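# Working through the structure, step by step
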Amino acid sequence: MANIIDYVSWRGDLTTEQAPLGEIDALIFSYLSYMPFDGIVPPSFDGSVTLAEAAQRLLDGGLSGGAIMDSEKNDHQLLALLRDSARFGGMRVAGYASHVDGEAEQQFAAVTFLPESGPAFAAFRGTDDSVVGWKEDFNLAFSSETPSQRDAVAYAEEAARHISGKLILGGHSKGGNLAVYAGIFAGEAAADRLVAVYNFDGPGFNEAVLASPAFLQRNLPIHTFVPQTSVIGILLWHAEPFAVVRSDGVGVWQHNPYTWQLMGGRFTRMDARSSSSQLAEETIKNWISDLSAGERQQVIDGIYSVLSVSDGRRVADLFEPHNVVAILRAAGGMDAKTRGAIAEAFRLLGASLREAVPEFMGRTAEEIRQRLGTAEKDGGAHD
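Now for a description of the structure that goes with this document. (Residues numbered from 1 in each chain as written. Predicted model: local features only at pLDDT ≥ 70, side-chain atom pairs only at ≥ 80, totals over all residues. Heavy atoms only, no water.)

## Section: the pattern of salt bridges
All chains considered together, the criterion is met by seven salt bridges. Across the pair Glu23 and Arg269 runs a salt bridge whose closest N-O atoms are separated by 3.0 Å. Taken as a pair, Glu23 in helix H2 (residues 23-32) and Arg269 in strand S11 (residues 269-270) lie far apart in primary sequence, 246 residues in all. Across the pair Arg83 and Asp84 runs a salt bridge, and its minimum N-O distance is 2.9 Å. One salt-bridge network, held together by shared partners, links Arg273, Glu281 and Lys285. (Salt bridge = Lys/Arg side-chain N within 4 Å of Asp/Glu carboxyl O. Helix = DSSP H or I, 4+ residues; strand = E, 2+ residues; numbered from the N terminus.)

## Observations concerning the packing of aromatic side chains
Tallying each qualifying case throughout the model produces 20 aromatic pairs. Measuring from ring centre to ring centre gives 6.2 Å for Phe108 and Phe124, while their planes differ by 50°; the resulting arrangement is tilted. With a gap of 16 residues between them, Phe108 in strand S3 (residues 106-114) and Phe124 in strand S4 (residues 120-124) connect regions that are remote in the sequence. Look at Phe124 and you get buried, because its relative accessible area is 0%. Taken together, a centroid distance of 6.1 Å and an interplanar angle of 65° make the contact between Phe200 and Trp260 edge-to-face. Of the two residues, Phe200 is situated in strand S6 (residues 194-200) and Trp260 in the loop between strand S8 (242-245) and strand S9 (262-263); the sequence distance between them amounts to 60 residues. The exposure class of Phe200 is buried, given its relative accessible area of 0%. A connected cluster of aromatic rings, assembled from ring pairs, spans Phe29, Phe88, Phe113, Phe121, Tyr198, Phe200, Phe225, Trp260 and Phe267. Over the face of the ring belonging to Phe88 we find Arg87, whose NZ or CZ atom lies 6.0 Å from the ring centre. (Phe/Tyr/Trp six-rings, centres within 6.5 Å; stacked < 30°, edge-to-face > 60°. Buried < 20%, exposed > 50% of the residue type's maximum accessible area, 1.4 Å probe, protein only. Lys NZ or Arg CZ within 6 Å of the ring centre and 35° of its normal.)

## Structural notes on helix H4 (residues 72-84)
Along its 13 residues, H4 runs 19 Å from first to last C-alpha, staying within 8% of the 18 Å computed at 1.5 Å per residue. Within H4, burial applies to Asp75, Leu78, Leu79 and Leu82. Considered in projection along H4, the buried side chains sweep an arc of 100° and stay on one side of the axis. Exposed residues on H4 whose side chains face more than 90 degrees from its buried face are Lys73 and Asp84. Considering only its buried residues, H4 is in contact with helix H1 (4-11), H2 and helix H3 (51-61). (Expected span 1.5 Å × (residues − 1). Arc of directions from axis to C-beta. Contact = heavy atoms within 4.5 Å.)

Honestly, that's just the spatial picture; any functional story needs more than this.
Written as structure tokens, this is what we have:
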């Protein structure tokens, strides 16, 4: 099976005028938002570099570890192919924004690609390896608007002011959530320019955000894709349907875009997600539904306060021996109210799992019986 590297090898000779942007291009742009474009792509929309120039500078500077999930080898191969392709090499890249604010609990980055033909594409970065980035993800469960969502709206409006023509928004993981949020809540001047939003395995929204007038009234094509064993993209609630993509990854590693399978210019689709993904969705949503917004915030803030006592800036740092000791010590000193809230949350999580498993197993058994019955009828018709 093929992935985005094969796509660039196959289709790289076709310009965007010969073959307009599609869903695979959208995933590539969304993934490129993870690249460290600092000092390479101008922050202004008035200046730009070609993608070929940006790719070469990234390759010259090295990409230790890769953009996400230890993807260094794949990233080098992808960037080299993009640099040398007629489709991507000559397009301009502009408007790079990136900042992390621990106090505001924000991790945000975005960049815009300007193809020689067709709409511009503003891509929002997903969660990186920073602890604060993960905290902001968890805040989606109770917050009406996170700092990154607010900045995503402002970024989309700024891009629309400086770029003529149509605009597409997209992102992977949290970046997909930001793209949808910006598409829904951007002002009318920007909204009139938007032609589509792409969400690649990005989490949904809490109940209050989905019930807001803007979400209920905005009519915008939203294309959401998740791998068959999605864990991230099924979190919280989605107003739009999603397509299921075949991945050759295992478990949570299916979140990595390099594992997504495609044929030609389209993803290889599946009829349904895996049973483990469906079970995880039911369990988590049942659990969250049992917690009020205030309870969700208390639990998340309590856990984050414990993790914050470590010296770790990155998630991987939390597992350093001295940080583990510090975290355990902080957990033991947690105030009784917070400790009780966390304990109750985990009790509810266990209850949600016990509730979801029988329901899921019963439904699965019924589906099997129905399929067997259909097979028997089909077999009888051919006798």
